[in-house]
Structures are given as structure tokens and as C-alpha cells.
Amino acid sequence: MKTLLKNCALRSGVRTDILVEDSLIAGIGSFATADQVYDMTGYAAVLPGFIDAHMHLITGNVPYEDTFLRAWAQAGVTTLRDLGVGDDMRTHPTEKFIAFRDKAAEDPECAQCLTSGRFVAADGGYGNAMMDTLTGYGCKTPQDCTDAVNELLDIGCDGIKTAVDRGGPMFGGEKPLLTTELLTAMREAAEQRGVWCCAHVLESDLVERLLDAGFTQLAHMPIDRMSDETLERMVRQHISVVPTICAVDAPRPPLPEGVELPPLPEGIEMPDTKAQERQCVDNVARFVKLGGKVAVGTDAMRMEIQPEVAGMPLRELRLLHEAGLSVDEVIDAATINAAEVCGIADQVGSIAVGKRANLIAVKDPIDEGFDALAHVEFVMNRGVVIKNI
């Protein structure tokens, strides 16, 4: 079936028609008619569907439901990258999540969900065991890392996620760290399979270890001050960063009834998350000024005590703008840049012939407040119009 979107306002300032056949963009130009025709004259902008390149669809004991994939798509976020399934892999095999994801992919009402499956982490380290939950592979040797990578990819995962994090009181104390040797083995195994390999890291001194291991993606921007030398090295090594600034000072979800956090050790204080957010913004600003590439991700976690996390990542868009990105650069971070870090830039992330017809449209002009994106009025996902108000 052919669908025609007439008189679309593209970011270039040009108004043109977009012809969609089945799930792909078949043409951009002037076309007479099609099986279905939508007049886009009243829309101020037609954009690629947005991408959240860092979120968590399952954290703890929550049901495997596609309701939330539908909510993201309705908001205009047509692609998600899940960076760590957070239920216990002893009782919920990773294959269960992959089967759920693949089933949802058959429905154009649902956002596409890429996933890293489980953490590939240090034995006993952050990402291997979170409190009493086994959330990832614990590796002691380079072969352990290689085997974990291959097992996840054989199951159907799309890429690999690791963590270099010392832990702390909230995570049961100090955690062991992966060595450069183990990180290198992991990254090489992922590269041999042709997929991305990204790392959770929040402390600037640990970034050097990832750079030494040849990593090209960070799943966060560190929240302490990064040296200019490290930022320059990141740019030289073509590191892409999904900063997740909005997660640093995000409102903390309420604890379940009857659950209390353990008291902090004597002399330890809760961090000033607002100050950490400001530092993260500064790190991003200096990185981008040097020529670094960033992509949009929220680190949103769907859990029992915080089930409603689906939506347009407005706060992250605004914080990236605060960090010095122009409105167009922020949109790039949420579209083509995010597609690149997810390894699917040949499929989505821009409006081009041959790419998947994931398109959104808004009636109000998009300015530095990004308010127009709070109410996306038109969504086409995989060639099917799922929202038109």
C-alpha cells in the first residue's frame, strides 16, 4: 500500500511530499496521489521519529507488557534502546525478554526496542548483582567476557552493555572493577560480531580505562568535573556519549510500603544532585565545543514504584540546549546521532528514501523550549499512521 504525505515542512525549510510504500520512504518530491493521502499543510514541522538511546524497560518485578511501548510511540519516540534488563536472570531468562520484544515488534503501534539484554560486568561488580538481583554476567577472565558477549548476541540481543562503577553504600559497598584487559576482550568480541559496545560510567577517572580499552560509546556523561585532556582524548578517539543529564537530578521514586533504605555510613552524606547535574551540563558543553557527538537518552527505568516513564524526553532536550546545542543540534541528537549509536542509522534517524517511515509532525514551531514536542499530533510508525489529531 502507498501512503502520501502532502506538503510536509522539512527542517531544511522546504515543503515537499513524502511517498511511503509499505514500511519505507519510497520517494521525496512531488506526487499526485496514493492509496491514502494526508494533507500536512497545517503542520509546522515533519521530523524523523525520535529515539531514546538509553532506557530500561524492565527494572525489578514488573510485568512484560507492550502498553509502554505503545505509549512511547504515541509520544513520538518510535525507537528505544534498552540498556540492561533489570529483573533476575535466574528466574527470568533473557530469552523471555527477547521473545516479548520480538512479539511487540510485529505491532506498528509499538516503539521498536533494541536491547543489550544483560550487563557484562566484573564478577560481583556493578551490573552483575544489584542488591539481591542477578542482573548480568560476572566475568573473571577475558574468555568469560567473550563467552558472555557471544551468548547474548546468539540469544538475539542487539549490542553489549558493561559498567565501570565502584558502587557505594546504595549498592552494598565497594564493587570490583573490570580491568582494561577484560574490557578490551569484551569490546573486541562485540566488534567481531559487528555490534555496538557501550559502558556505564559516572566517574571521570574511570573514563580513561574505557579509552585505553578502545571503547567508542559512553552510556552517561560523568557527574564530576572532567579534565580538558580527557575530553580532548574522547574527541580524538571518536567517542559518542549518551549523557542522560536528566537522570542526575531526577525526582526519586517513592519506596514501596514498608521498605526503608539502610542508613548511610558515618561521615557519608547524600550527594548534591543539583550540583552534579550542573557539572554534567558543563562536561557536555565542553565536550560538544571540542567537536564531540552526543545522543539523547534518559536512563528512564520502568519499575513497580515508577511505572509511568514513557514519553518525549523533553527535559533531556532542554538540558542539552542548556549545554550549548542549538535547537537543530538537539533534534539531531534525538534522531540521526541516536540512530548512529544504536547502529541503525541506515534504517532510521533521518527522512531519506529507503529508510523506515518513522515520522512525526507538530503543529507549533519548535523553539528552544521544545514545548511543541510535548504534544506530537501526528505519528507514522513503520509506514502506519498510528496518531492523527
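Our structure is the block above this text.
Residues numbered from 1 in each chain as written. Predicted model: local features only at pLDDT ≥ 70, side-chain atom pairs only at ≥ 80, totals over all residues. Heavy atoms only, no water.

1. Observations regarding the nonpolar core
What counts here: Nonpolar cores are built from buried Ala, Val, Leu, Ile, Met, Phe, Trp, Tyr and Cys residues. Side-chain atoms within 4.5 Å join them into one set. Only protein chains enter the accessibility calculation, which uses a 1.4 Å probe; a residue whose area is less than 20% of its type maximum is buried, one above 50% is exposed, and one in between is partly exposed. The contact criterion used throughout is that any non-hydrogen atoms of two residues lie within 4.5 Å.
Judged by nonpolar contacts, the single largest core of 91 residues is most densely connected at F50, M186, M234, I366 and L373. In contact with F50, not counting residues within four places along its chain, are G76, V77, T78, T79, M312, L317, I331, A334, T335, I360 and L373.

2. Re empty space enclosed by the protein
Unoccupied space between atoms shows up once a probe the size of one water molecule is rolled over them. To keep things clear, this is the line we draw: Buriedness of a pocket was judged along seven lines, with at least five required to meet protein on both sides within 12 Å; pockets are open sets of points on a 1 Å grid over the protein atoms alone, cavities are sets where a 1.4 Å probe fits but cannot get out, and lining residues have an atom within 4 Å of a point. Grid points are joined across faces, edges and corners, and a volume is the space filled by probe spheres set on the points. Charged means Asp, Glu, Lys or Arg here, nonpolar means Ala, Val, Leu, Ile, Met, Phe, Trp, Tyr, Cys or Pro, and polar covers whatever is left, Gly included.
For the structure on display, the rule yields one cavity of 30 Å³ or more. Reported here for the largest cavity is a volume of approximately 40 Å³. Of the residues in the lining of the largest cavity, the class split is three nonpolar, five polar and one charged.

3. Some points on the sheet that holds strand β4 (residues 36-39)
To keep things clear, this is the line we draw: Here the rule is simple: two strands pair whenever DSSP picks up at least two bridges between them. Segments assigned H or I by DSSP are reported as helices when at least four residues long, segments assigned E as strands when at least two residues long, and all are numbered from the N terminus. Comment: axis = line fitted to C-alpha atoms, over the contacting stretch for helices; angle = value between 0 and 180 degrees taken between N-to-C directions.
Judged by pairing direction, the sheet is mixed, and its four strands sit side by side in the order β3-β2-β1-β4 without closing on themselves. Two strands close off the open sheet at either side, each with one partner strand: β3 (24-29) and β4. Averaged over neighbouring strand pairs, the angle between their axes works out to 20 degrees when direction is ignored.

4. Concerning the state of the cysteines
What is meant by a disulfide is a covalent connection between two cysteines, made through their sulfur atoms. Test applied: When two cysteine sulfur atoms are found within 2.5 Å, that pair is recorded as a disulfide.
Per the counting criterion, the structure on display carries zero disulfides. In this model C139 remains outside any disulfide bridge; the closest cysteine sulfur is found in C145, 3.9 Å from its own. By relative accessible area, which is 0% here, C145 ends up buried.

5. Thoughts on the packing of aromatic side chains
Where we set the bar: Classification of ring pairs rests on two measures: the distance between centres of Phe, Tyr or Trp rings, Trp counted by its six-membered ring, which must be within 6.5 Å, and the angle between planes, read as stacked under 30 degrees, edge-to-face over 60 and tilted in between. Criterion for a charge above a ring: Arg CZ or Lys NZ at most 6 Å from the ring centre, at most 35 degrees from the ring normal.
Scanning the model with the defined rule gives six aromatic pairs in all. Ring centres of F119 and Y126 lie 6.2 Å apart, and the angle between their planes is 85 degrees; this geometry places the pair in the edge-to-face category. Overall, Y126 belongs to the buried group, its relative accessible area being 12%. Here the guanidinium or amino end of R81 rests over the ring plane of W196, the centre of that ring lying 4.5 Å away. Lying over the aromatic face of Y64, K96 brings its terminal NZ or CZ to 4.6 Å of the ring centre.

6. Section: the pairing of strand β8 (residues 112-115)
This is how it is decided: With the strands pointing away from the viewer, any crossover whose connection runs clockwise from the first strand over the helix to the second is right-handed.
Where burial is concerned, the two faces of β8 agree: the one with Q112 and L114 and the one with C113 and T115 are both buried. For strand β7 (residues 77-82) and β8, the ladder comprises four bridges, and the chain directions are parallel. Following the sheet pairing, L80 is matched in β8 by C113. At this point the chain moves from β7, through helix α2 (residues 94-104), to the parallel β8, and the crossover so formed is right-handed.

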